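The lines below spell out each chain.
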Amino acid sequence: MAEKMATRAAYGKTLVEVGAANPNLVVMDADLSKSTMTAEFGKTYPERFFNMGIAEQNLYGTAAGLALSGKVVCASTFAMFASGRAFEIIRNSIGYTGANVKVCATHAGITVGEDGASHQTFEDLALMRTIPGMTVVNPSDGVSANKLLKQVIDFDGPAYVRLGRAAVPIFYSEDAELVLGKANTLREGKDVTVIATGIMVSEAMAAAEELAEQGIDVRVIDMHTIKPLDEDAIVKASEETGKIVTAEEHSVIGGLGSAVAEVLCKKAPAKMAMVGQKDTFGESGKPDQLKEKYGMTAADIVEAVKGLM
């Protein structure tokens, strides 16, 4: 069985690692440091850690001020509160000013599980990609989270990084090459392409294995960067396979599926299906059971692919 790690756990480890080499890194939290995994950075570098309490607007407003004073800031809370409660501050104080703040939001999607509908956000990618100049990243496992986070911290400008609560399979090797803005083709195929992001990448790989046994050759692409989107990879997949399925732990409205559809309709029309949250709220439950109920499993990807054949 593959080793598992939550991307939020990789985030916490990466902060401590980067903090040792970059004394300009400041980490902030909204009274959730144990859950977002920023607590270890706070213990290691207490002079560079600020807990702003349950006041998300203040968190991101202060983060903007620190960044505009020359610091690199990673500011964390749950994705529901970052993208929802603090959207206006992120838009105006961080996006509009181009502040060097990395909004590292954890507990995204249906796999928040027992926390229920109030904490399960399916709108965050849609909201964040509308902000001009905002880089939007959604790592798929612990290794990609570590590698992409380092690149996010290295560049000057605002970013939104989506991280999960639940442990997910690690399938990237430590020597894998991941570059912001460049999709990773994990499996070649000629019949159909599955473009997945975040935790749905491992589901896409499982679906491809099952479909291969049925004679369907599936290309799998990890679209870890939602913005800037790798349009060349999308166009190439459309031209070579003619059929596209997107898979995301997010609403099918406004997220990866919408972003890919925007590219296809302009540059390379193709038959398309979207796997994701279908315009509904979630509920409290076990993550795996919720993924099954709301249609975000390998089986759902298999069904979507077959629907295009």
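Presented here is a report on the structure given in the accompanying data block. Remember, it's a predicted structure, so these values are computed and weren't measured experimentally. (Residues numbered from 1 in each chain as written. Predicted model: local features only at pLDDT ≥ 70, side-chain atom pairs only at ≥ 80, totals over all residues. Heavy atoms only, no water.)

1. Notes on the sheet that holds strand E11 (residues 218-222)
Here comes step 1: The strand order E9-E11-E10-E13-E14 describes an open sheet built from 5 strands, whose pairing is mixed. Of all strands in the sheet, those with a lone pairing partner are strand E9 (184-187) and strand E14 (271-277), marking the two edges. In this sheet, neighbouring strand axes are inclined to one another by 25 degrees on average, regardless of whether the strands run parallel or antiparallel.
Here comes step 2: As paired elements, strand E10 (residues 192-196) and strand E13 (residues 243-251) share 4 bridges and run parallel to each other. Across the sheet, Ala196 pairs through a bridge with Ala247, a residue of E13.
Here comes step 3: Sitting on the sheet, helix H10 (residues 231-241) is in contact with E10, E11 and E13, with an inclination near 175 degrees to E11.
Here comes step 4: Taken strand by strand, helix H11 (residues 256-267) contacts E10, E13 and E14, and its axis lies near 150 degrees from that of E13. (Pairing = 2+ DSSP bridges. Helix = DSSP H or I, 4+ residues; strand = E, 2+ residues; numbered from the N terminus. Axes fitted to C-alpha atoms, helices over the stretch in contact; angles between N-to-C directions. Contact = heavy atoms within 4.5 Å.)

2. What about the packing of helix H9 (residues 200-212) against helix H13 (residues 298-308)?
Each pair of packed helices can be summarised by the angle the axes make with each other and by the distance between the axes.
Here comes step 1: Two numbers describe how H9 lies on H13: the axes approach to 8 Å, and their chain directions differ by 55 degrees. Taken as axis vectors, H9 and H13 run oblique relative to one another. The way H9 lies across H13 gives a crossing that is right-handed. Residue-level contacts link Met200, Glu203, Ala204, Ala206, Ala207, Glu210 and Leu211 of H9 to Ala298, Ile301, Val302, Val305 and Lys306 of H13.
Here comes step 2: A per-class count over the contact of H9 with H13 returns 9 nonpolar, no polar and 3 charged. (Parallel < 35°, antiparallel > 145°, perpendicular 65-115°, else oblique. Left-handed = near helix turned anticlockwise from the far one by under 90°. Nonpolar A, V, L, I, M, F, W, Y, C, P; charged D, E, K, R; others polar.)

3. Describing the packing of aromatic side chains
Here comes step 1: As enumerated under the stated definition, the model contains 3 aromatic pairs in all.
Here comes step 2: Ring geometry for Phe78 and Phe81: centres 6.0 Å apart, planes at 10 degrees, overall stacked.
Here comes step 3: Seen from the ring of Phe155, Lys102 lies directly overhead, with NZ or CZ sitting 4.1 Å from the centre. (Phe/Tyr/Trp six-rings, centres within 6.5 Å; stacked < 30°, edge-to-face > 60°. Lys NZ or Arg CZ within 6 Å of the ring centre and 35° of its normal.)

4. A closer look at the pairing of E11
Here comes step 1: In terms of burial, E11 is a largely internal element, 5 of the 5 residues being buried.
Here comes step 2: The alternating pattern of E11 places Val218, Val220 and Asp222 and Arg219 and Ile221 on opposite faces, both of which are buried.
Here comes step 3: Sheet analysis places E9 next to E11, joined by 3 bridges and oriented antiparallel. Paired with Asn184 across the bridge in E11 is Asp222.
Here comes step 4: Pairing geometry for E10 and E11, over 5 bridges, is parallel. Residue Val194 lies in a different strand from E11, and its bridge partner there is Val220.
Here comes step 5: Traced from E10 through H9 to E11, the parallel crossover comes out right-handed. (Buried < 20%, exposed > 50% of the residue type's maximum accessible area, 1.4 Å probe, protein only. Right-handed = clockwise from strand over helix to strand, strands pointing away.)

5. Quick notes on the pairing of strand E5 (residues 101-105)
Moving residue by residue along a regular strand, the side chains alternate between the two faces of the sheet.
Here comes step 1: Burial runs high along E5: 5 of the 5 residues are buried.
Here comes step 2: Taking every second residue as pointing to the same face, both faces of E5 are buried, with Val101, Val103 and Ala105 on one and Lys102 and Cys104 on the other.
Here comes step 3: Bridge analysis of strand E4 (residues 72-76) against E5 gives 3 bridges, and the strand direction is parallel. By the bridge assignment for E5, Ala75 is matched with Val103.
Here comes step 4: Where E5 meets strand E7 (residues 159-162), 4 bridges bridge the pair, whose relative direction is parallel. The residue of E7 that forms the bridge with Ala105 is Arg162.

6. Some thoughts on empty space enclosed by the protein
Here comes step 1: Overall, the coordinates contain 1 cavity of 30 Å³ or more when judged by the stated rule.
Here comes step 2: Taken as a whole, the largest cavity holds about 70 Å³ of empty space.
Here comes step 3: Taken together, Thr7, Ala108, Thr111, Asn138, Pro139, Arg162, Leu163, Gly164, Gly198, Ile199 and Glu249 make up the full set of residues lining the largest cavity.
Here comes step 4: A class-by-class count of the residues in the lining of the largest cavity yields 4 nonpolar, 5 polar and 2 charged. (1 Å grid on protein atoms, 1.4 Å probe; cavity = no way out; pocket = protein on both sides within 12 Å on 5 of 7 lines; lining within 4 Å. Points joined across faces, edges and corners; volume = space filled by probe spheres on them.)

7. So, the sheet that holds strand E2 (residues 25-29)
Here comes step 1: Spatial strand order, E3-E2-E4-E5-E7-E6-E12: 7 strands in an open sheet with mixed pairing. Of all strands in the sheet, those bounded by a partner on one side alone are strand E3 (49-51) and strand E12 (225-227). When strand polarity is set aside, the average angle formed by the axes of neighbouring strands in this sheet is 20 degrees.
Here comes step 2: Together, E2, E4 and E5 form the strand contacts of helix H1 (residues 7-21), whose direction differs from that of E2 by roughly 150 degrees.

By themselves, these are just geometric observations and shouldn't be taken as functional.
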